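Chain by chain, the residues:
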Amino acid sequence: AKFIAVNRSQPRLTELRRIHERIKTGITFEYVLNQDPRANDARMAALPPGSMVINATGMGKDRPGSPITDDGLFPLNGIAWELNYRGKLDFMHQALRQSESRGVKVEDGWVYFLHGWSQVVAEVFDVTLTPALFAELDRAAASIRS
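So, here's what we can say about the structure.

Conventions we followed
Residues numbered from 1 in each chain as written. Predicted model: local features only at pLDDT ≥ 70, side-chain atom pairs only at ≥ 80, totals over all residues. Heavy atoms only, no water. Patch = residues over 30% accessible without salt bridge, like charges linked within 9 Å, V, L, I, M, F, W, Y side chains within 5 Å. Areas by Shrake-Rupley, 256 points an atom, 1.4 Å probe, with all protein chains shown as cover. Salt bridge = Lys/Arg side-chain N within 4 Å of Asp/Glu carboxyl O. Helix = DSSP H or I, 4+ residues; strand = E, 2+ residues; numbered from the N terminus. Buried < 20%, exposed > 50% of the residue type's maximum accessible area, 1.4 Å probe, protein only. Contact = heavy atoms within 4.5 Å. Phe/Tyr/Trp six-rings, centres within 6.5 Å; stacked < 30°, edge-to-face > 60°. Pairing = 2+ DSSP bridges. Axes fitted to C-alpha atoms, helices over the stretch in contact; angles between N-to-C directions.

**Overview of a nonpolar patch on the surface**
No. 1: Together, Val120, Val124, Phe125 and Val127 line one region of the surface with nonpolar side chains, adding up to about 400 Å² of accessible area.
No. 2: Topologically, Val124 is positioned in helix α4 (residues 109-124).
No. 3: The exposure class assigned to Val124 is exposed, which follows from its relative accessible area of 60%.

Here it is in structure tokens:
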């Protein structure tokens, strides 16, 4: 029912709002300009149970850290989705530490990355991407995953 986007960059928030304004939906959108991880902790703690929190910042992959602190509490029985697929993945590890105590389901960005990558491979080599081929590509890519 509600989508909250938090970003350190006003131009990125403005672009996201522009995209959302073209979509016909009953979803309420909120845009928050913030770069303080403690404020992100407070916002995350106020989310209702079952909420999804996504790290699409690049923090933990392209630059060190996480958009939250180690004190941040994920929503009870929520989902934490780390879109990053390589690097230290601090956000994912923060969520994993709460998977049992708060019932957080943690999704690794690896599968999301692999899906996009494998679609390109299938198109370039003109092959049908079967579940068996996807599993083979997963194994091959995992062997070089950093």
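**Some points on unusual backbone geometry**
No. 1: A positive phi angle, close to 55°, is found at Asn77, a residue other than glycine.
No. 2: The phi torsion at Asp126 lies on the positive side, around 50°, for a residue other than glycine.
No. 3: With respect to the helices, strands and loops of the structure, Asp126 is situated in the loop between α4 and α5 (131-142).
No. 4: On the basis of relative accessibility, which here comes to 71%, the residue Asp126 falls in the exposed class.

**Examining the side chain of His20**
No. 1: Along the chain, the position of His20 falls in helix α1 (residues 10-21).
No. 2: Residue His20 is classed as buried on the basis of its relative accessible area of 11%.
No. 3: Among residues more than four places away in sequence, those in contact with His20 are Phe3, Phe29 and Tyr31.

**Let's talk about the pattern of salt bridges**
No. 1: Counted according to the given criterion, the structure contains 6 salt bridges.
No. 2: With a shortest N-O distance of 2.9 Å, Glu30 and Lys2 are connected by a salt bridge. Placement of Glu30 in strand β2 (residues 28-33) and of Lys2 in strand β1 (residues 2-7) is noted, with a sequence separation of 28 residues between them.
No. 3: In this structure Glu30 comes out as partly exposed when scored by relative accessible area, which is 23%.

**Quick look at the environment of Phe125**
No. 1: If you trace the backbone, Phe125 turns up in the loop between α4 and α5.
No. 2: Distance in space between the C-alpha atoms of Phe125 and Val6 is 39 Å, their sequence separation being 119 residues.

**Some words on the packing of aromatic side chains**
No. 1: For the structure shown, the criterion picks out 6 aromatic pairs.
No. 2: For the pair Phe74 and Phe91, a centre-to-centre distance of 5.3 Å together with 70° between the ring planes defines the contact as edge-to-face. Taken as a pair, Phe74 in the loop between β3 (52-55) and β4 (79-82) and Phe91 in helix α3 (residues 90-96) lie far apart in primary sequence, 17 residues in all.
No. 3: With a centroid separation of 4.0 Å and an interplanar angle of 10°, the aromatic rings of Tyr85 and Phe113 are classed as stacked.

**Here we look at the sheet that holds strand β5 (residues 105-108)**
No. 1: Across the sheet, 3 strands lie side by side as β3-β4-β5; this open sheet has parallel pairing. At either end of the open sheet lies a strand with only one pairing partner, and these are β3 and β5. On average, adjacent strands in this sheet sit at an angle of 15° to one another, irrespective of strand direction.
No. 2: Across 4 bridges, β3 lies against β4 in parallel orientation.

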